[in-house]
Amino acid sequence: MQPGGFVHQLVVTAGNGAARTVTLVPGVNRVGRSAASDICLDDSTVSGQHCEIVVLNEDVFVRDLSSTNGTFIEGQQIQDAALLPGQTLHVGGVAVVLEPPVHISIPRLSFQQESNPLLSDGLAACVNHAASHATMECTQCQKVFCELCVHQIRRVGGTALMLCPSCSGHCRTILHRAPEKKKKSKIGNWLSKMTAKITGRPVRTKVS
C-alpha cells in the first residue's frame, strides 16, 4: 500500500457572510477568539478558548472547552463528537463546514525509538516523566508514555481514542509481565550435593 495522508479543510463563514477556507493540521487545532488560537475567530459570540478540532488520519473530532455559548454539530450541542464531511459545526455564531478529505501521497517516515531509561524494577519509563512507568506505546512512532501524557478523545457510542502526544498516532496498552524466578537446575543441585559430601558440609533440602 502506498504511504499517504489526508488533508482536511474547513469553510468558515462569519456572521457577516464572509467565508474563508482553513486547512487543519494533524493533531490538535485550537479554535477561539484569542489571537493565540490556531484558528482565530474574531466574533463576540466565540470564547477565547472555545473548542479543539482533532485530526487523526481521515477522522476529525471536536471537543468543547467549556465555552460560554457552546459548540454544536448539526444543531446538537456536543462535548466530544466526531465531525463528518459536509456537517456544519457552529462555534458560537460562526458556521464551519468540514470539506471531504483529500488523500495525498507522502514519503514514508522512519521513526526511531528514543532510548527510554529503565526503572529499578527493569520496566521502561515514560518519555516525558522519567520516574513514571510507561503504560502506553504509540503504534506509529513507537514512543512510550504514562497515561497522563496520552490524549484521550471520547466518541459518542464508541470506545475512547488514545492519541500520541508527539505524532497523534494510535496508542496501545503495554502489557508488563512479572519477572520469572530462575529455577535451580538439576545439575546445580547435584553439584551442590557432591560439594557438600567432599567438604562434609550438610545440605539443606527444601521440602515442597
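Predicted, not measured: the structure shown is a model, and the values here were computed from it. (Residues numbered from 1 in each chain as written. Predicted model: local features only at pLDDT ≥ 70, side-chain atom pairs only at ≥ 80, totals over all residues. Heavy atoms only, no water.)

Undergrad: It is not clear to me how the overall build of the protein chain should be interpreted in this structure. Could you clarify?
TA: Each helix and strand counted, the protein chain has 1 helix and 18 strands in total. By the burial criterion, 32% of the 208 residues in the protein chain qualify as buried. A separation threshold of at least 6 residues defines the contact pool for the protein chain, and within that pool the share at least 24 residues apart is 37%. When the accessible surface of the protein chain is split by element, carbon and sulfur atoms take 53% of a total near 13800 Å². (Helix = DSSP H or I, 4+ residues; strand = E, 2+ residues; numbered from the N terminus. Buried < 20%, exposed > 50% of the residue type's maximum accessible area, 1.4 Å probe, protein only. Contact = heavy atoms within 4.5 Å. Areas by Shrake-Rupley, 256 points an atom, 1.4 Å probe, with all protein chains shown as cover.)

Undergrad: What am I meant to see in the environment of Cys146 here?
TA: In this structure, Cys146 sits in the loop between β15 (144-145) and β16 (151-153). Aside from chain neighbours lying at most four places away, what touches Cys146 is Cys126, His129, Ser132, His133, Ala134 and Thr135.

Undergrad: Could you clarify how one ought to interpret the pairing of strand β4 (residues 27-32) in this entry?
TA: In regular strands, side chains alternate between the two faces of the sheet. Pairing geometry for β4 and strand β6 (residues 51-56), over 5 bridges, is antiparallel. Along β6, the bridge assignment pairs Arg30 with Glu52. Bridge count between β4 and strand β5 (residues 39-40): 2 bridges; the pairing is parallel. Residue Gly32 lies in a different strand from β5, and its bridge partner there is Cys40. (Pairing = 2+ DSSP bridges.)

Undergrad: What's the story with the nonpolar core in this structure? I'm lost.
TA: It is characteristic of soluble globular proteins that their nonpolar side chains tend to be buried jointly. Formed by 22 residues in total, the largest nonpolar core has its most connected members in Leu10, Leu24, Leu41, Ile53, Val62, Leu89 and Val91. The contacts of Val91, once residues within four sequence positions are left out, are Val31, Leu41, Val46, His50, Cys51 and Val96. (Core = buried A, V, L, I, M, F, W, Y, C linked by side-chain atoms within 4.5 Å.)

Undergrad: Even after reading the chapter, I still don't get the sheet that holds strand β10 (residues 80-82), so can you show me in this structure?
TA: Hydrogen bonds along the backbone pair up the strands of a sheet, which may run parallel or antiparallel. The 5 strands lie next to each other as β5-β4-β6-β7-β10, forming an open sheet whose pairing is mixed. The sheet is open, and its two edges are formed by β5 and β10, each paired on a single side.

Undergrad: Whenever I open this one, the side chain of His8 confuses me. Can you help?
TA: For His8, the location among the structural elements is in the loop between β1 (4-7) and β2 (9-13). For His8, the contacting residues outside a window of four places in its chain are Val22, Thr23, Leu24, Val55, Asn57, Glu58, Asp59, Val60, Leu98 and Pro101.

Undergrad: Would you mind showing me how to read the side chain of Ser67 here?
TA: By the secondary structure assignment, Ser67 is in the loop between β7 (59-64) and β8 (71-73). For Ser67, a relative accessible area of 11% translates into the label buried. In this structure the side chain of Ser67 is engaged in a polar contact, spanning 2.7 Å, whose partner is the side chain of Asp64. At a separation of 3.1 Å, a polar atom in the side chain of Ser67 contacts the main-chain amide nitrogen of Gly70. Ignoring anything within four residues of it in the chain, the contact list for Ser67 reads Ser47 and His50. (Polar contact = N/O pair within 3.5 Å; in protein donor to acceptor, adjacent residues only side chain to side chain.)

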